[in-house]
Amino acid sequence: MQFPILSVIIFTPIVAAVLILFIPAERKTEVRMTALAAATFALLLSLWAYFSYDVSAGGYQLLEKYTWLPALGISYQVGIDGMNAPLILLTGVVMFTGVLISWGIDDRPREFFAFLFILATGVFGVFVALDLFMLFFFYEIAVFPMYLLIAIWGWKETREYAAMKLTLYLFIGSVIALVGALAMYFSSGLGTFDMLALEQAGFSTRFQQIWFPFVFFGFAVLGGIFPFHNWSPDGHVAAPTAVSMFHAGVLMKLGAFAALRVGIMLMPEGAKMHMPWIILLSLVNVVYGAYIASVQNDFKYVIGFSSVSHMGLVAMGFATLTRNGMIGAGVQMFSHGVMTALFFAVVGMVYDQAHTRDIPRLSGFRKVMPLVAVAFIVGGLVSMGMPGFSGFIAEFPIFMGVWESHPWIAIVAAISIVITASYIIRIIGKVFFGTIPEEFDHHVHDVTVLDKVALVFLSGILIIVGVYPSIMVPMVESGVDKILALLGGA
Amino acid sequence: MDTSLFAGSVNASMILAVLPEILLLVLALVVLALDLSLRDEQRSSLGWITAGGLLVTILISLAVGRPGAESRFVWGGMLRHDWLGFTFKMMFLFAAAITALFSSELARMGKRGEFYLLMLASTLGMNLMASSADLIMLYLAIETTSIPLYVLAGFLTRDEKSTESGFKYLLFGAMTSAVMLYGFSLLFGFAGTSSIYGLAQGISSGQLPTGALFGCLLLILVGFGFKISVVPLHFWAPDVYEGAPTPIAGFLSTASKAAGFAVLMRVLLAAFPLNSEIAGYWVAIAAVLSTVTMTVGNFLALAQKNIKRMLAYSSIAHAGYALIGVVAASQLGMTSVVFYLVAYIFTNLAAFGVVAAFGRVAGSDDIAAYAGMSRRSPWLALALMVAFLSLAGMPPFGGFIVKFAVFAAAVNANLIWLAFVGVINSIIGLYYYLTVLKVVYLYRSEEEEKPLPVPASHTLALGLLVVGIILIGTVLAPWFGMSNTAAAGLF
């Protein structure tokens with residue numbers, strides 16, 4: 001039997017979480033070392049899974065299937081294809097860097113890492129799930145630790161409110177999607193939650209048209225789609241740095257990915273009917289999100305709303321139902337995940353030193369933390385979609401796809417690039433350049449080595465994908481071709 | 001009804017059918033004898049002995065007392081030896097064992113033999129409730145269950161709240177039981193038989209008008225509804241739970257409620273079968289009750305400041321979720337009810353167990369008093385989190401899969417609206433469970449340096465429950481299979 005690599009990836013974090021809980025609370029260094037070891041292990045395995053994927057063969061690979069509840073046709077079934085392989089890698093990367101950046105957490109680090117790793121298990125599980133029940137199972141596991149992570153270790157001002165809002169929003173979305181999934185299960189008459197079988201179930205067009213919005217929006221809430229995006233900036237801002245990274249970097253992809261896999265792939269006819277107006281919602285995300293980001297004075301809110309804007313591009317790419325659009329959206333999920341993790345890492349580092357995130361008060365940080373400034377600039381260039389960075393590889397095909405299907409929307413959406421450039425450049429100029437104010441003179445220091453490792457790692461990935469897109473694009477293409485086949489070559 | 005059931009002598013299979021009850025009786029007598037002979041300092045072992053005895057009872061029953069594939073009437077048609085009854089019996093015995101462990105270290109009850117005696121008597125009643133096949137037997141079983149519980153609720157005689165609790169429970173219980181008995185007598189009169197499984201035939205041959213039958217149905221449902229605390233028969237629950245000793249509140253909200261569900265399912269499906277005209281009425285009533293119970297329970301839970309009252313309203317809401325499966329009125333529906341109750345018993349016992357352990361040291365059941373608990377005792381806090389997240393329906397805990405099962409049953413029966421009512425309600429539930437977890441994990445208090453010792457009996461019981469909750473939520477097939485077999489006994 002072949003090594004069950006995907007299962008090992010899924011269960012590494014939760015096993016580590018249990019081990020960590022058994023370490024006495026006062027031995028904080030052991031807790032951190034265990035966490036780092038587990039994160040490194042998961043990262044290596046996800047790299048292995050990513051690079052072992054055979055693009056020329058395509059389809060689902062590294063399949064594992066075990067019966068779970070045969071009476072209801074529930075199985076534990078995992079596999080990777082071109083769409084989720086980059087997301088596995090993304091999760092490994094964010095988990096690894098998240099642990100590095102959380103080294104300084106001193107209040108109950110044991111519980112912190114345990115909850116963070118339970119979350120990671122949920123995320124891995126959703127990405128590789130090929131069984132609908134299993135997908136929900138892990139989806140919920142990914143949602144609830146968020147509440148505690150934000151409420152306990154978050155920003156004191158808003159954490160209780162933001163944590164509750166986020167949890168309720170996401171839970172509402174998921175349970176509504178759950179009813180839709182049950183409707184699919186019973187309507188198919190196949191008596192199985194196996195998504196590969198449900199893809200071929202041939203639901204009636206009417207059924208798909210009725211149920212598609214429930215399932216799609218149920219998940220897209222977590223993808224931050226307008227008008228259900230409201231939880232996301234609040235949640236990002238209130239969360240501690242590593243959780244923001246996870247949250248914006250990985251969790252929002254969870255929503256977009258599940259909306260794709262359960263919504264679009266299982267109910268393609270429904271997608272065809274509803275996408276023309278969903279693309280308008282995503283347009284609001286893209287432009288309005290960017291606009292709101294540009295008028296914020298809180299550093300973290302800027303990044304929070306930029307996530308809303310960039311996730312809008314993902315939704316828009318999928319909503320075009322064109323090959324280019326979907327390829328772009330697939331790469332954007334990865335690119336934005338790494339980029340936004342980098343952004344939140346930078347915000348966290350600045351805040352830890354300055355104890356404020358008020359942009360007008362910040363200035364000149366380049367002098368004390370040069371590497372952080374460089375990292376932010378790299379992230380900024382990705383965010384603007386500059387060639388040579390992964391953002392270009394992602395956004396260019398999205399706009400091509402939108403142009404093919406809805407030229408007017410492409411024109412309006414393009415405005416967002418300008419707005420994005422304006423707020424990124426404003427932050428670079430204001431926060432990192434200029435002279436450092438006296439109030440920060442004494443207590444602002446450079447970041448730790450671990451933080452630097454994380455920044456270099458994240459920036460490096462953005463550049464590698466930018467200059468060598470063949471490392472990812474063909475893989476996503478193979479995934480998209482499969483979706484297009486389900487859509488009937490649309 | 002076949003008259004041969006009423007004839008014949010006692011044989012081995014009849015004894016085996018009531019083996020758990022016989023063992024319970026023996027155990028009760030042992031406890032009584034020990035209570036007389038043990039010295040004061042040895043008395044804390046009474047809880048352990050009760051729990052151990054119950055465990056032995058479970059093991060012996062599982063080994064030799066299992067029903068066959070065919071359901072059989074025994075003891076002159078008074079009892080039905082089937083998987084439904086057997087499964088529920090095992091659940092009651094388990095719940096009683098856990099309750100004994102929770103009680104053993106509590107002041108003014110843990111060292112008193114009569115406490116365990118009463119609890120075992122009540123468990124005996126529940127066992128008979130689950131297997132009753134005759135209205136008269138059923139009524140006796142319900143009273144055998146209830147009367148010791150009235151006493152147990154008011155067991156702390158020097159505590160005003162406890163005595164009030166016991167008295168209130170008695171008054172409500174007596175009234176609803178009288179109404180139910182009236183319903184039983186009418187049914188007996190109309191059908192000419194007291195056998196639950198003979199009622200349907202008797203009724204159909206009697207050409208009874210639907211209106212009269214509907215009246216009987218309502219009267220009976222009053223009694224059952226009280227047991228499972230559906231709205232509008234829920235008023236007693238918060239007051240009784242709040243005042244009763246915490247382990248007893250846990251016992252009431254789990255075993256006693258499950259017994260009510262066992263009876264409800266059996267009587268509805270046997271006496272008012274699905275192919276009869278009246279079935280549509282009880283399905284409709286159950287749908288209304290389920291919706292109202294979930295919604296009222298959850299909304300009132302939102303406002304609670306006392307954790308036992310909150311859990312009382314939450315347990316009302318959970319009766320509503322479980323009723324969804326009854327409304328679905330299918331094999332899957334009944335399976336999901338049994339499955340729901342299995343997970344619910346583990347989960348709610350764990351929740352009340354944590355409350356008991358905390359209240360024992362802190363002396364308060366206010367939610368606000370839980371501030372800083374995770375710093376005082378991380379493991380107890382973790383147990384509370386597992387229990388509450390399971391109640392909220394989060395994986396990988398038992399609460400998720402069973403909610404999934406009842407919602408699946410609803411969608412399967414084309415009751416999509418009811419599934420939506422259920423999911424919206426589970427969101428409200430999530431809110432108040434998280435609120436408590438927030439207090440436990442987030443808030444600081446001046447007392448957080450004080451240790452929070454948890455006695456060994458509590459640790460063992462909570463450990464078992466937490467492991468059980470996780471096993472139910474992750475290893476799905478055996479539990480579902482067991483529930484399915486039990487539900488098959490209904491049809």
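Residues numbered from 1 in each chain as written. Chains lettered and ligands numbered in written order. Predicted model: local features only at pLDDT ≥ 70, side-chain atom pairs only at ≥ 80, totals over all residues.

### Description of the overall build of chain B
- Summing up its helical and strand segments, chain B has 20 helices and two strands in all.
- In terms of overall dimensions, chain B is globule-like: its C-alpha atoms have a radius of gyration of 22 Å, near the 23 Å expected for 491 residues.
- With respect to the three principal axes, the spread of C-alpha positions in chain B is 70 × 55 × 40 Å.
- When the 491 residues of chain B are sorted by exposure, 62% land in the buried category.
- The contacts of chain B with a sequence gap of at least 6 include a subset with a gap of at least 24, amounting to 79%. (Helix = DSSP H or I, 4+ residues; strand = E, 2+ residues; numbered from the N terminus. Rg over C-alpha atoms; globule rule 2.2 N^0.38 Å. Buried ≥ 20, exposed ≤ 12 C-beta atoms within 10 Å, placed from the backbone. Contact = placed C-beta atoms within 7 Å.)

### Examining the interface of chain B and chain A
- Listed by partner, the interface residues are 28 residues for chain B and 27 residues for chain A.
- When contributions to the side of chain B that touches chain A are tallied by element, the ones reaching two or more residues are α16 (378-392), α17 (398-412), α18 (416-441) and α20 (476-488) of chain B.
- With twelve residues, α18 of chain B is the largest single contributor of residues to the side of chain B that touches chain A.
- Grouping the constituent residues of the side of chain B that touches chain A by class yields 23 nonpolar, four polar and one charged. (Nonpolar A, V, L, I, M, F, W, Y, C, P; charged D, E, K, R; others polar.)

### Quick notes on the confidence of the model for chain B
Residue and element names in this part refer to chain B.
- Predicted confidence across chain B gives a mean pLDDT of 90, with 98% of residues reaching 70 or more.
- Per-element averaging of pLDDT across chain B places helix α8 (residues 196-205) at the bottom with 82 and helix α13 (residues 307-328) at the top with 95.
- Every residue in residues 1-6 scores below 50 in pLDDT, and together they form nine contacts with partners more than four places removed in sequence or on other chains.
- Here the prediction assigns the complex a pTM of 0.92, and the interface score ipTM is 0.90. (pLDDT = per-residue confidence, 0-100.)

### Some words on the environment of Glu160 of chain A
- Assignment of secondary structure puts Glu160 of chain A in helix α6 (residues 159-188).
- Its 19 C-beta neighbours within 10 Å are what place Glu160 of chain A among the partly exposed residues.
- Between the C-alpha atoms of Glu160 of chain A and Ala238 of chain A, which are 78 residues apart in sequence, the distance is 8.5 Å.
- Apart from the residues within four sequence positions on either side, Glu160 of chain A is in contact with Ala151 of chain A together with Lys438 of chain B.

### A short note on helix α9 (residues 210-228) of chain B
All names here are of chain B.
- If you check α9, its first and last C-alpha atoms are 26 Å apart, about what 19 residues at 1.5 Å a residue would give, namely 27 Å.
- In the structure, α9 departs most strongly from a straight axis at Val222, where the bend amounts to approximately 25 degrees.
- Of all the positions in α9, only Leu213, Cys216, Leu217, Leu219, Ile220, Leu221, Gly223, Phe224, Gly225, Phe226, Lys227 and Ile228 are classed as buried.
- Tucked inside the fold, the buried residues of α9 contact α7 (160-191), α8, α11 (246-271), α12 (279-302) and α13.
- The positive-phi residue at the C-terminal boundary of α9 is Ser229, with phi of around 50 degrees. (Expected span 1.5 Å × (residues − 1). Bend = angle between axes of the 7 residues up to and from the residue.)

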